[in-house]
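# Understanding the architecture of this molecule
Here are the chains, one letter per residue:
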Amino acid sequence: GGGFMGGGDDDARHQPRTSPPDVELRFSVGDRVECRVARGPDGWAPGTVVAHWFRNPDWPPGKYAPYQIKLDDSENLIFAPKDRDDVIRLVGSGADAR
């Protein structure tokens, strides 16, 4: 058989090959989290992690966001730019949890 390796390699010649960072993320797809959407103690919105290493087509090569999150109170999908507690945290893990 010939050396055909399957699709997906065609655009590799046109742009640098980039892949998400090889980093273990703290939260899994399906985890319930809170995301920072505004300043202040009430600036957190609950949601669910729906994807790892989200990439917007408009972003430069190599730019990824660790998480994509679906918010509870809307159909909106947002992303968390960093895997840090001041950006994304488990629901109820904040200092203001009651």
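By convention here, each chain's residues receive numbers from 1 onward along its written sequence. Residue-level local features of this predicted model are given only where pLDDT is at least 70; pairs of side-chain atoms are given and counted only at 80 or more, and the full residue set underlies all totals for whole chains, interfaces and linings. With hydrogens and water excluded, all non-hydrogen atoms of the structure serve as input to the side-chain values.

Here we take up the pairing of strand β2 (residues 44-54). With 5 bridges joining them, strand β1 (residues 32-36) and β2 adopt antiparallel strand pairing. Across the sheet, the residue bridging to V33 is G47, located in β2. Two strands pair under a simple rule: DSSP has to find at least two bridges between them. Note on conventions: DSSP H or I runs of at least 4 residues are helices, E runs of at least 2 residues are strands, and numbering of each starts at the N terminus. With 6 bridges joining them, β2 and strand β3 (residues 65-71) adopt antiparallel strand pairing. What sits directly across from H52, in β3, is Y67.

Quick look at the packing of aromatic side chains now. The description of an aromatic ring pair uses the distance of the two centres, along with the angle that the planes make with each other. Aromatic contacts are taken between Phe, Tyr and Trp rings whose centres are within 6.5 Å, Trp giving its six-membered ring; a plane angle under 30 degrees counts as stacked, one over 60 as edge-to-face, and the others as tilted. Throughout the structure, instances matching the rule amount to 4 aromatic pairs. Relative to F79, the ring of W59 has its centre 4.8 Å away and its plane inclined at 75°; by these criteria the two rings are edge-to-face. Residue W59 is found in the loop between β2 and β3, and its partner F79 is found in strand β4 (residues 77-80); the two are separated by 20 residues along the sequence. W59 gets classed as buried once you look at its relative accessible area, which sits at 14%. Partly exposed residues are those whose accessible area sits between 20% and 50% of the maximum for their type, while under 20% is buried and over 50% is exposed, using a 1.4 Å probe and protein chains only.

The definition of a nonpolar core used throughout is a set of buried Ala, Val, Leu, Ile, Met, Phe, Trp, Tyr and Cys residues joined through side-chain atoms within 4.5 Å. Residues L25, F27, V33, C35, V49, W53, Y64, Y67, I69, A80, V87 and I88 constitute the largest nonpolar core, which totals 12 residues. Once residues within four sequence positions are removed from consideration, I69 is found in contact with V33, C35, G47, T48, V49, V50, N76, L77, I78, F79, A80 and I88. By definition, residues are in contact when any of their heavy atoms lie within 4.5 Å.

Another aspect to go through is the pattern of salt bridges. Salt bridge, as used here, is a side-chain nitrogen of Lys or Arg placed within 4 Å of a carboxyl oxygen of Asp or Glu. As enumerated under the stated definition, the model contains 6 salt bridges in all. Of the charged contacts, one joins D86 and R84 as a salt bridge, the two residues approaching to 3.0 Å between their closest N and O atoms.

Turning our eyes to something else, we now look at the sheet that holds β3. Strands in a sheet are paired, the pairing made by backbone hydrogen bonds, and the direction either parallel or antiparallel. Ordered by their spatial adjacency, 5 strands build an open sheet running β4-β3-β2-β1-β5, and the pairing between neighbours is antiparallel. Across the chains shown, the open sheet's two edge strands, defined by having one partner strand only, are β4 and β5 (88-90). Strand-to-strand twist of the sheet, defined as the mean angle between neighbouring strand axes without regard to direction, takes the value 45°. The angle between two axes is taken between their N-to-C directions and runs from 0 to 180 degrees, where each axis is a line fitted to C-alpha atoms and a helix contributes only its stretch in contact.

This paragraph deals with the environment of Q68. In this fold, Q68 is placed in strand β3. With residues near it in sequence (within four places) discarded, Q68 still touches T48, V49, V50, A51, F54, L77, I78 and F79.

Looking along a regular strand, one sees side chains alternate from face to face of the sheet. β3 sits mainly inside the fold: 6 of its 7 residues count as buried. Counted along the chain from β3 to the antiparallel partner β4, the turn is 5 residues long.

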